[in-house]
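Now for the letters of each chain:
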Amino acid sequence: MPIDDSIIIADEAVIHPGDLHEDFIRSSGPGGQNVNKVATAVQLRFDAANAAGLSERVRARTIKLAGQRATKDGVIVIEAGRFRTQEQNRADARARLTALVAKAAEPPPPPRKKTRPSKGAVERRLKTKAGRGTIKKLRGKIGDD
């Protein structure tokens, strides 16, 4: 199915229409006689490994975040069958794909700053350790002097 325009998520993450492929399949679950006749669920395939609009960092993170939804070839498969119409399921699948790529496009968190315990905290910890050791020593058998 032809898709309107590119989906711009971030500077280094753009989903082009050529990278998406939609197949309509029959939906599972309850729905009466209609569920066996009408193909309302959508199976959206996004070729993340060969997508031109993704930077290398975003591409790797997208495939990693997709988990089992990604194939060995780097194609992400999203199935949407929550709604009863094709249009709603198509919009749902695209929204889920956009959210996945947006999460992958987030900048990495800043590196952790190493901190050290204060001198007083170290002294308190050692003092309580010594106190516990003394208590445990006193629990032992009384020897003959």
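Above this text you will find the structure in question.
The structure displayed is predicted, hence computed values, not measured ones.

**Student:** In this structure, what is going on with helix 1 (residues 56-66)? I would like to understand it.
**Tutor:** Side chains that are three or four residues apart share a direction in an α-helix, a result of its 3.6 residues per turn. Considered for burial, the residues of helix 1 that qualify are Val58, Arg59, Thr62 and Ala66. What you see down the axis of helix 1 is that its buried residues fit within an arc of 100°, all on one side. The exposed set on the far side of helix 1, more than 90 degrees from its buried face, consists of Glu56 and Lys64. Along its buried surface, helix 1 packs onto strand 2 (13-15), strand 5 (75-80) and helix 2 (86-105). Positive phi appears at Gly67, one or two residues downstream of helix 1, with a value of about 65°.

**Student:** What's the story with the environment of Arg96 in this structure? I'm lost.
**Tutor:** Inspection of the secondary structure puts Arg96 in helix 2. A sequence separation of 55 residues divides Arg96 from Ala41, and the C-alpha atoms of the two residues are 14 Å apart. Setting aside chain neighbours within four positions, we find Arg96 in contact with Ile78, Glu79 and Ala80.

**Student:** Help me out: how do you make sense of the environment of Ala41 in this one?
**Tutor:** By the secondary structure assignment, Ala41 is in strand 4 (residues 41-47). Expressed as a C-alpha distance, the spacing of Ala41 and Gln88, which sit 47 residues apart in the sequence, is 9.3 Å.

**Student:** Any chance you could explain the nonpolar core here in plain terms?
**Tutor:** Most often, soluble globular proteins have nonpolar side chains that are buried together. Counting 21 residues, the largest nonpolar core has Phe46, Leu54, Val58, Ile76, Leu97 and Val101 as the members making the most contacts within it. Of all the secondary-structure elements, those providing two or more residues to this core are strand 2, strand 4, helix 1, strand 5 and helix 2. The element contributing the most residues to this core is helix 2, with six residues. Other than its neighbours up to four places away in sequence, Ile76 contacts Leu44, Arg45, Phe46, Ala48, Thr62, Ala66, Arg69, Ala70 and Leu100.

**Student:** Which parts of the structure should I look at to understand the sheet that holds strand 4?
**Tutor:** For sheets, the rule is that strands pair by backbone hydrogen bonds, running either parallel or antiparallel. Spatially, 3-4-5 is the arrangement adopted by the three strands of the open sheet, whose pairing is antiparallel. A strand with exactly one partner marks an edge of an open sheet, and here the two such strands are strand 3 (20-25) and strand 5. Direction aside, neighbouring strands of the sheet carry axes that sit 20° apart on average. As paired strands, strand 4 and strand 5 are joined by six bridges and run antiparallel to one another. Of the residues in strand 5, the one forming a bridge with Leu44 is Ile78.

Reading guide: rules and limits
Residues numbered from 1 in each chain as written. Predicted model: local features only at pLDDT ≥ 70, side-chain atom pairs only at ≥ 80, totals over all residues. Heavy atoms only, no water. Buried < 20%, exposed > 50% of the residue type's maximum accessible area, 1.4 Å probe, protein only. Helix = DSSP H or I, 4+ residues; strand = E, 2+ residues; numbered from the N terminus. Arc of directions from axis to C-beta. Contact = heavy atoms within 4.5 Å. Core = buried A, V, L, I, M, F, W, Y, C linked by side-chain atoms within 4.5 Å. Pairing = 2+ DSSP bridges. Axes fitted to C-alpha atoms, helices over the stretch in contact; angles between N-to-C directions.

Geometric values such as these leave the question of function open.
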